[in-house]
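# Inside the fold
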Amino acid sequence: MIINEMEKGNLEIDFSRTSAPPLLRIENIVKRFASTRILNQVSLTIEKGEFVTFLGPSGVGKTTALRIIAGFEKPDSGRVYLSGEDVTDLPPYRRNLHTVFQHYALFPHYDVFKNVAFSLELKKFPKDEIRKRTLEALELVQLLGFERRKTGELSGGQMQRVALARALVGRPALLLLDEPMGALDFKLRKMMQIELKNIQKKLGISFIYVTHDQDEALTMSDRIAVFNNGRIEQLGTPQEIYDRPRTAFVAEFVGTANIFSEKIRAAAGLGSENALFAARPEKILVHKNPVCSPQTVCIPSIVIDTAYAGSVRQVFFNPENGNGKAWVAYAGNSDSFSPGDKVWAKIKVENVISLCQKIEVNQ
Amino acid sequence: MKKPNPLAIYASVIYGFLYLPLAVMFVFSFDKAPRNIVWTGWTGEWYLHLFHDAALWKSFLTSLGVAITAAAISSLIGVFAAYALAVRPRFKGRGAYSALINLPLIMPEIVMGVGILIFFVKARVPLGFWSLSSAHAMITLPYTVSLIRARFLSLRDSQMEEAAQDLGATPWQAFVKITLSLAKPAILGGALLAFTISFEDFTTSFFISGIGITTLPVKIYSMMKFGVTPEINALSSILLGLTIAALIFDRILLREKS
């Protein structure tokens, strides 16, 4: 097209056309079930090689968004583009992406090898090619030697690896993972997280990872999309999400946040009326006699309780003029406070997070 | 002496009532006397008689053919009906469709038999092998559908068909390679059940079987008009043996996969 235009003498080239389109673009996706809006104007762009996490509590639409991308659901309106091609109306089997399902959905009548080779056999690859690539995929997930095992004989972690190998063997451009670690125990989860991230980096495949576990999201993702009420409430790197949450929901869902009441805000002289502020527990210093400079916010408080948490001691306290909800701060694990102690909660002004009252549709 | 358990006695009476007649029938199939009233000694000649009875062979083969055809039709329709009733998204009137398929289970068979007969006559369908086979397929449908449906229901929420489609299978391929493969024991079990029901069916067969087509149960009934002979006992014993064999085969089939 560009060459044609040049031949026609139209030398003004639109350079945005020459760069490759993003791997995935979803535009203004709306999905209703009955009369409930599950997704409300969701838009997102994902580049090649990116690890993006859909984070949110259950029932906010993140799995539905994933199913729309995979092709299992059709949006009521909005489009889905894969590498620039509109795939909104394509069935799942015509999309160049694969899914790792929450409960793995392995085929119990096939052994591990046949499970992994499934997509290659459908595409009628030559036998030795199938064998080579299947073994490669199994090696990638460290399951070489398990080819002849039945899926029923595998542990949860092994089934998870088979599901991963099965989805990766066809070398998709995009891998969707729907809470894949939900059924694994804590230690295995931690191990798999690192392994998954390594595999993703090694293959350079884009991942969309659905989870409600904020730790998982923070450690693995390049970017996090925090879902709430059928919308992406904030999209950003883990650091942006944690350090500069845009809304009270994001601040409280990712990590812990102490939200300023209107009276505290006014007393601290922050912002204008009804502006919303918050502080992370680790940014609050609890002192019996603090030195309050103009660059700090000092809030008189009363200690309610403390809890020993290994590396830190959590201090729960009621800030003066608060709205009744206790705040929490992390003190050194050797600091001692008792319930009823009068203390000051000291926060540097630069560590106070400014939140939006409301997010606008279409950020 | 140990006191007998009253529950054991009760159970023995029930089982005795169920199975003693069969045992008596089996024993008397070896009775020398041509009329089964008194025991006169052992013989295997009645079995030999059966073997040389051409008319009996014919009706046996008819029954076999009808039962196989009916089982095939019934399980084929059963697979699709069960899929529609279990797996596909709920459609309007699904409950009613389900009830209509199960209705023959509680309907008196004689009503079915008369109804089918009138239908075939009015529709000018010749009574014979195919009309009988399709009637049998119909009365066995509730059994095949419920067996296959139960299996489909257990597979429905596993997302396996979705996984197959996600990996590049068309919906049809996903159905055949995953759901149908995994439901194979249930489908074979359903076909076997349909086979036995068809094979031993009397009422419907009695109405539908036309000139020149007689199934084994109908044949036995006509033989009985002249009294219960050891031949009938022998024949019934063979049928009993076949039924037990089918039952064992079915158990093995189902156990293998579960």
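This is a predicted model, so every value here is computed, not measured.

Before going further, it helps to spend a moment on the interface of chain B and chain A. Reports often express the size of an interface as the amount of accessible area lost when the parts come together. Every contact between the two is made by 18 residues of chain B and, on the other side, 20 residues of chain A. Around 1,700 Å² of area is buried between chain B and chain A when both sides are counted, 66% of it from carbon and sulfur atoms. When the buried area of chain B at its contact with chain A is split by residue, E162, D166 and L167 of chain B rank highest and sum to 39% of it. Taken together, the connections running from chain B to chain A amount to one salt bridge. Of the charged contacts in the structure, one is a salt bridge between R67 of chain A and E162 of chain B, with a shortest N-O distance of 2.7 Å. At the boundary of chain B and chain A, one finds five residue pairs in polar contact (both at pLDDT 80 or more). When residues of the side of chain B that touches chain A are traced back to their parent elements, those giving at least two are α7 (160-166) and α8 (171-182) of chain B. Class assignment of the residues belonging to the side of chain B that touches chain A gives a composition of eight nonpolar, seven polar and three charged.

All names here are of chain A. Across the interface, helix α6 (residues 156-168) lies against helix α7 (residues 186-203) with an axial gap of 12 Å and an inter-helix angle of 15 degrees. What the angle tells us is that α6 and α7 run roughly parallel. Crossing angle aside, the handedness with which α6 passes α7 is right-handed. Listed contacts from α7 to G157, Q160, R161, L164 and L168 of α6 are L188, M191, M192, E195, L196, I199 and L203. Residues that form the contact of α6 with α7 fall into these classes: eight nonpolar, two polar and two charged.

Residues and elements named next belong to chain A. Judged by pairing direction, the sheet is mixed, and its six strands sit side by side in the order β6-β7-β8-β3-β9-β10 without closing on themselves. Lying at the two open borders of the sheet, with one neighbouring strand each, are β6 (97-100) and β10 (231-236). Across the sheet, the mean angle from the axis of one strand to that of its neighbour is 20 degrees, orientation sign disregarded. Against the sheet, helix α3 (residues 62-70) touches β3 (51-55), β6, β7 (174-178), β8 (206-211) and β9 (223-228), its axis set at about 145 degrees to β7. Where α7 meets the sheet, it contacts β3, β7 and β8, and its direction lies at approximately 155 degrees from that of β8.

Moving on: the domain arrangement of chain A. Residue and element names in this part refer to chain A. As assigned here, chain A comprises domain 1 (20-251) and domain 2 (259-355). Domain 1 puts eight residues into the contact, and the matching count from domain 2 is seven residues. Buried surface at the junction of domain 1 and domain 2, both sides included, amounts to about 590 Å², of which 53% is carbon and sulfur. In this assembly, domain 1 and domain 2 are joined by zero salt bridges. Taken together, the elements giving at least two residues each to the side of domain 1 that touches domain 2 come down to α9 (238-243) and α10 (248-253). Tallied by class, the residues present in the side of domain 1 that touches domain 2 amount to five nonpolar, one polar and two charged.

For the rest of this paragraph, the subject is the packing of aromatic side chains. For the structure shown, the criterion picks out 28 aromatic pairs over all chains. Each member of the aromatic cluster is reached from another via a ring pair, and the members are F51, W57, F60, F195 and F199 of chain B. One Lys or Arg, R25 of chain A, reaches over the ring of Y81 of chain A and ends 4.5 Å from the middle of that ring.

Residue and element names in this part refer to chain A. Taken in spatial order, the three strands make up an open sheet running β11-β12-β18, and their pairing is antiparallel. The sheet is open, and its two edges are formed by β11 (258-259) and β18 (353-355), each paired on a single side. Across three bridges, the pairing between strand β12 (residues 276-279) and β18 is antiparallel. Note that in β18 the partner of L276 across the bridge is L355.

Thresholds applied
- Residues numbered from 1 in each chain as written.
- Chains lettered and ligands numbered in written order.
- Predicted model: local features only at pLDDT ≥ 70, side-chain atom pairs only at ≥ 80, totals over all residues.
- Heavy atoms only, no water.
- Contact = heavy atoms within 4.5 Å.
- Buried area = accessible area lost by both parts, 1.4 Å probe.
- Salt bridge = Lys/Arg side-chain N within 4 Å of Asp/Glu carboxyl O.
- Polar contact = N/O pair within 3.5 Å; in protein donor to acceptor, adjacent residues only side chain to side chain.
- Helix = DSSP H or I, 4+ residues; strand = E, 2+ residues; numbered from the N terminus.
- Nonpolar A, V, L, I, M, F, W, Y, C, P; charged D, E, K, R; others polar.
- Axes fitted to C-alpha atoms, helices over the stretch in contact; angles between N-to-C directions.
- Parallel < 35°, antiparallel > 145°, perpendicular 65-115°, else oblique.
- Left-handed = near helix turned anticlockwise from the far one by under 90°.
- Pairing = 2+ DSSP bridges.
- Domains from an automatic or database assignment.
- Phe/Tyr/Trp six-rings, centres within 6.5 Å; stacked < 30°, edge-to-face > 60°.
- Lys NZ or Arg CZ within 6 Å of the ring centre and 35° of its normal.

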